[in-house]
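Fold and contact review
Listed below are the residues making up each chain.
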There are 2 protein chains.
Amino acid sequence: MGKDTIQLTEPIVRLFQGKNFAFVSTLMKDGSPQITPTWVDIEKNNEYSILVNTAEGRIKHKNLSRDPRLAISVINGSNPYEMVTIQGKVTEQITRDTAEEHIDKLAKKYLGLDKYPGRSPGEKRVILKIKPERIFYHDFQPPIK
Amino acid sequence: MGKDTIQLTEPIVRLFQGKNFAFVSTLMKDGSPQITPTWVDIEKNNEYSILVNTAEGRIKHKNLSRDPRLAISVINGSNPYEMVTIQGKVTEQITRDTAEEHIDKLAKKYLGLDKYPGRSPGEKRVILKIKPERIFYHDFQPPIK
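Since the structure is predicted, the reported quantities are computational estimates derived from the model, not experimental observations. (Residues numbered from 1 in each chain as written. Chains lettered and ligands numbered in written order. Predicted model: local features only at pLDDT ≥ 70, side-chain atom pairs only at ≥ 80, totals over all residues. Heavy atoms only, no water.)

1. Details of the interface of chain A and chain B
Of the residues lining the interface, 37 residues belong to chain A; the matching set on chain B comes to 37 residues. Here chain A meets chain B over a buried area of about 3100 Å², counting both sides, of which 69% is carbon and sulfur. Among the residues of chain A in contact with chain B, Phe23, Pro33 and Ile35 of chain A are the three that bury the most area, contributing 20% of the side total. At the junction of chain A with chain B, the criterion picks out two salt bridges. With a closest N to O distance of 4.0 Å, Arg69 of chain A and Asp30 of chain B form a salt bridge. When residues of the side of chain A that touches chain B are traced back to their parent elements, those giving at least two are strand S2 (22-27), strand S3 (33-38), strand S6 (69-75), strand S7 (82-94) and helix H3 (96-111) of chain A. (Contact = heavy atoms within 4.5 Å. Buried area = accessible area lost by both parts, 1.4 Å probe. Salt bridge = Lys/Arg side-chain N within 4 Å of Asp/Glu carboxyl O. Helix = DSSP H or I, 4+ residues; strand = E, 2+ residues; numbered from the N terminus.)

Following this line, the structure appears as structure tokens:
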């Protein structure tokens, strides 16, 4: 039904490239889990990194600045039985112009807009660069009536 | 953009009643977060409980038996910008016939089948009854091109 891997194989990369929402789980100060649906991106340099773009001071950002461990999951919007869940860490936070341009790139991907329409006054965007450590991928076609 | 509430209001109940997938985050033994997409149900007695059905011995079940704190999130399959995220606890685990019948009920909801088709030999189902403690609901129509 599924398998463990340490590699981001092609079908997994496609899940992150697609217009699918990711669910990110972080740790609150008391160690309890927190979860947020979010846009997501993937980029390849030497190896793949998963990128999430948030704003400074949001719960996700505060939590990950304190404890970089997170889990992230994506399902295929067209077939929710194709799914990936990843446990990993934020290895880098990227701010300023790079992060501002990146949220516009995501607005293009998810909304078809050149500029991200959701900016609050004074908001500073942050890219969270995620290194996967444990990957579980699952793909099956259930018998749907 | 969103609001905090302690009540499961009608739109939130509808998200859990709909054929939407939930994402559940639990804590691994080392305290790191883990996440799984899953079917979900909601029922009302005196108050609403969120029900997730898993099998004994799965990661989610092991984690929640050790530490009952979890987070759960659902987005509307037709409009992913309608979403709810909840932090709470598993207050009860229900097994045996009730749990076996309940997974068939979920197979009906999600697959249109009378019997859950995914049973492994010897598998024992468990209902995780979830009490919400912190609820965040968010609904907006983004300007999509």
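Okay, back to it.
2. Quick word on the relation of the copies chain A and chain B
Note on the copies: chain A fits chain B at an RMSD of 0.0 Å, the axial shift is 0.0 Å, and the rotation between them is 180 degrees. The superposition of one copy onto the other is thereby described by a two-fold rotation axis. In this assembly, 100% of the residues forming the interface of chain A have copies in chain B that are likewise at the interface, indicating an isologous arrangement. (Least-squares fit on C-alpha atoms with pLDDT ≥ 70 in both.)

3. Structural notes on helix H1 (residues 10-17) of chain A
Within the span of H1 of chain A, buried status applies to Ile12, Val13, Leu15 and Phe16 of chain A. In a view along the axis of H1 of chain A, the buried residues occupy a sector of 155 degrees, so they form one face of it. (Buried < 20%, exposed > 50% of the residue type's maximum accessible area, 1.4 Å probe, protein only. Arc of directions from axis to C-beta.)

4. Some words on H3 of chain A
With 16 residues, H3 of chain A should cover 22 Å at 1.5 Å per step; its first-to-last C-alpha distance of 22 Å lies within 8% of that length. Residues of H3 of chain A that are buried: Ala99, His102, Ile103, Asp104, Leu106, Ala107, Tyr110 and Leu111 of chain A. Those residues of H3 of chain A hidden inside the fold are in contact with strand S4 (41-44), strand S5 (48-55), S7 and strand S8 (125-139) of chain A together with strand S7 (79-94) of chain B. In the segment just after H3 of chain A, Gly112 of chain A is the residue with positive phi, at about 75 degrees. (Expected span 1.5 Å × (residues − 1).)

5. With respect to unusual backbone geometry
Residue and element names in this part refer to chain A. Notably, Arg96 is not glycine yet its phi reads approximately 55 degrees, a positive angle. Mapped onto the secondary structure, Arg96 falls in helix H3. A relative accessible area of 69% places Arg96 in the exposed class.

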